[in-house]
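What follows is each chain in one-letter form.
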Amino acid sequence: MVSGAHAVDAVIVSGDRSPGYVEAAQTIAAEFGKAQPERGEPPVFYVTEGQAQDGMTFQGVKVIVTLGSEALRRVLSKEVRVPIVAALIPKAGLERIVRESAHKPFAPLSALYLDQPFPRQIELIRLALPNARKIGVLWGAESGLQTSALQSAMQAKGLELVNGYVGGGSTLFAGLKAVLDDTDALLAVPDPLVYNGSSISNVLLATYRARVPVIAFSPAYVRAGALLSLHSTPRQIGLQAFAIARALSQGASGPMLQYPSDFSVVLNDQVARSLELLLDEKSLTERLKRVERKP
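Summary of the structure given here. Fair warning: this is a prediction, and the values are worked out from it, not measured in the lab. (Residues numbered from 1 in each chain as written. Predicted model: local features only at pLDDT ≥ 70, side-chain atom pairs only at ≥ 80, totals over all residues. Heavy atoms only, no water.)

1. What to know about the side chain of Thr 66
By secondary structure assignment, the location of Thr 66 is in strand β3 (residues 63–67). Excluding its chain neighbours within four sequence positions, the residues that come into contact with Thr 66 are Val 13, Ala 71, Leu 72, Val 75, Ile 84, Val 85, Ala 86 and Ala 87. (Helix = DSSP H or I, 4+ residues; strand = E, 2+ residues; numbered from the N terminus. Contact = heavy atoms within 4.5 Å.)

If you want it as structure tokens, here you go:
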């Protein structure tokens, strides 16, 4: 419990105890501890644990950082009045939670999206696969709200978007068939209906057989057989989430809605060789960052 006996500027609420969530939470807490050594590190609540669910209060807190969808839902259910920074959550997922909570008044909600911005993803495709022209995407009900934004971004770079849909009567197999029949690459966009523990092996097996490279959003998918991953590490997310939360705790006006500013590219060398591609993850990362630094 956070009370006047242990006054802190921030509280971190995590929806998971997996290593990535723990690393992000610890990074945020450590940065606050360094910034305000007289107060120490802020507490971290894990909402999967009973004591956190029962005893989580925010008296005297200036800002709350949530990690993941479940943490954000729990905090919004408290109807807090201090700024909230939501991190480790896809843009579409955050927008859905806000819609579901629309009847409840809550404090300004800032966000650090889990997704990479579409222009960055497209630029990585152009750097890694310069001959690719048709890019397939599997959409679910949640991610599908972003279809027009991605299509516009691709058209601006001379690429064609090939859409496949999962859900609403369309199976994963049907969606895959729609995008794999005539595409040069598959761009994975976060959506729990499409990409989850029970589906990812089927997606990667189908794309491998079709010789369609996958640009994923998690290094775990690269280990499982995707060609590339464009993602931000838990530490990168933690540092940026801290910067947003620190600014809000010091009176900056919100909300702040940001994509990750720092990122990493991970390559599956074996998949690259099987597709006869000569790629280097360090070079791709440096070239992509150079592109973004250009005015």
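2. Points about the packing of aromatic side chains
Aromatic rings in a pair are described by how distant their centres are and how their planes are angled relative to each other. Following the criterion strictly, the structure yields five aromatic pairs and no others. With a centroid separation of 5.8 Å and an interplanar angle of 80°, the aromatic rings of Tyr 195 and Phe 217 are classed as edge-to-face. Here Tyr 195 is found in the loop between β8 (185–187) and α8 (200–210), whereas its partner Phe 217 is found in the loop between β9 (214–216) and α9 (219–224), with 22 residues between them in sequence. One aromatic cluster is present, built from ring pairs that chain together Tyr 195, Phe 217 and Tyr 221. (Phe/Tyr/Trp six-rings, centres within 6.5 Å; stacked < 30°, edge-to-face > 60°.)

3. As for helix α12 (residues 281–293)
Compared with the 18 Å implied by 1.5 Å per residue over 13 residues, the 18 Å span of α12 between its first and last C-alpha is a close match. Along α12, the residues classified as buried are Leu 284, Thr 285 and Leu 288. Here the buried residues of α12 occupy an arc of 100° about the axis, which is enough to place them on one side. Projecting away from the buried face of α12 at angles above 90 degrees are the exposed residues Lys 282 and Arg 293. As for α12, its buried residues are in contact with α5 (118–128), β10 (228–231) and β12 (264–267). Regarding α12, its N-cap is Asp 280, as a side-chain oxygen of that residue lies 3.3 Å from the backbone nitrogen of Lys 282 further along. (Expected span 1.5 Å × (residues − 1). Buried < 20%, exposed > 50% of the residue type's maximum accessible area, 1.4 Å probe, protein only. Arc of directions from axis to C-beta. Polar contact = N/O pair within 3.5 Å; in protein donor to acceptor, adjacent residues only side chain to side chain.)

4. Topic: a negative patch on the surface
A contiguous patch of negative charge, built from Asp 269, Asp 280, Glu 281 and Glu 286, is present on the exposed surface. Mapping Glu 286 onto the fold places it in helix α12. Judged by its relative accessible area of 39%, Glu 286 falls in the partly exposed class. (Patch = residues over 30% accessible without salt bridge, like charges linked within 9 Å, V, L, I, M, F, W, Y side chains within 5 Å. Areas by Shrake-Rupley, 256 points an atom, 1.4 Å probe, with all protein chains shown as cover. Salt bridge = Lys/Arg side-chain N within 4 Å of Asp/Glu carboxyl O. Lys, Arg positive; Asp, Glu negative; His and termini not counted. Charge placed at Lys NZ, Arg CZ, Asp CG, Glu CD.)

5. Overview of the side chain of Asn 268
Mapping Asn 268 onto the fold places it in the loop between β12 and α11 (269–274). At 2.7 Å, the side chain of Asn 268 and the backbone oxygen of Val 222 are in polar contact. Sequence-distant contacts of Asn 268, defined by excluding residues within four places in its chain, comprise Val 222, Gly 225, Ala 226 and Leu 227.

6. Observations regarding the sheet that holds β12
Taken in spatial order, the six strands line up as β7-β6-β8-β9-β10-β12 in an open sheet, and their pairing is mixed. Two strands close off the open sheet at either side, each with one partner strand: β7 (160–165) and β12. On average, adjacent strands in this sheet sit at an angle of 25° to one another, irrespective of strand direction. As judged from the six bridges shared by strand β6 (residues 134–139) and β7, these two strands associate in the parallel manner. Paired with Trp 139 across the bridge in β7 is Tyr 165. Strands in contact with α5 are β6, β8, β9, β10 and β12; relative to β10, the strand with the most contacts, it is inclined by about 150°. Strand contacts of α12: β10 and β12, with the helix running at about 150° to β12, the strand carrying the most contacts. (Pairing = 2+ DSSP bridges. Axes fitted to C-alpha atoms, helices over the stretch in contact; angles between N-to-C directions.)

7. Quick word on the pattern of salt bridges
Per the stated rule, a full pass over the model turns up 13 salt bridges. The closest approach of N and O atoms between Asp 9 and Lys 62, which form a salt bridge, is 3.7 Å. Taken together, the positions of Asp 9 in the segment before β1 (10–14) and Lys 62 in the loop between α2 (50–55) and β3 put the pair 53 residues apart, joining distant regions of the chain. Among the ionic pairs, Asp 182 bridges to Lys 134, the shortest N-O distance being 2.5 Å. One end of the pair, Asp 182, is in the loop between α7 (172–180) and β8; the other, Lys 134, is in strand β6, and 48 residues separate them in sequence. Looking at Lys 134, the relative accessible area reads 25%, which means it is partly exposed. Overlapping salt bridges, with partners in common, bring together Asp 9, Arg 39 and Lys 62 in one network.

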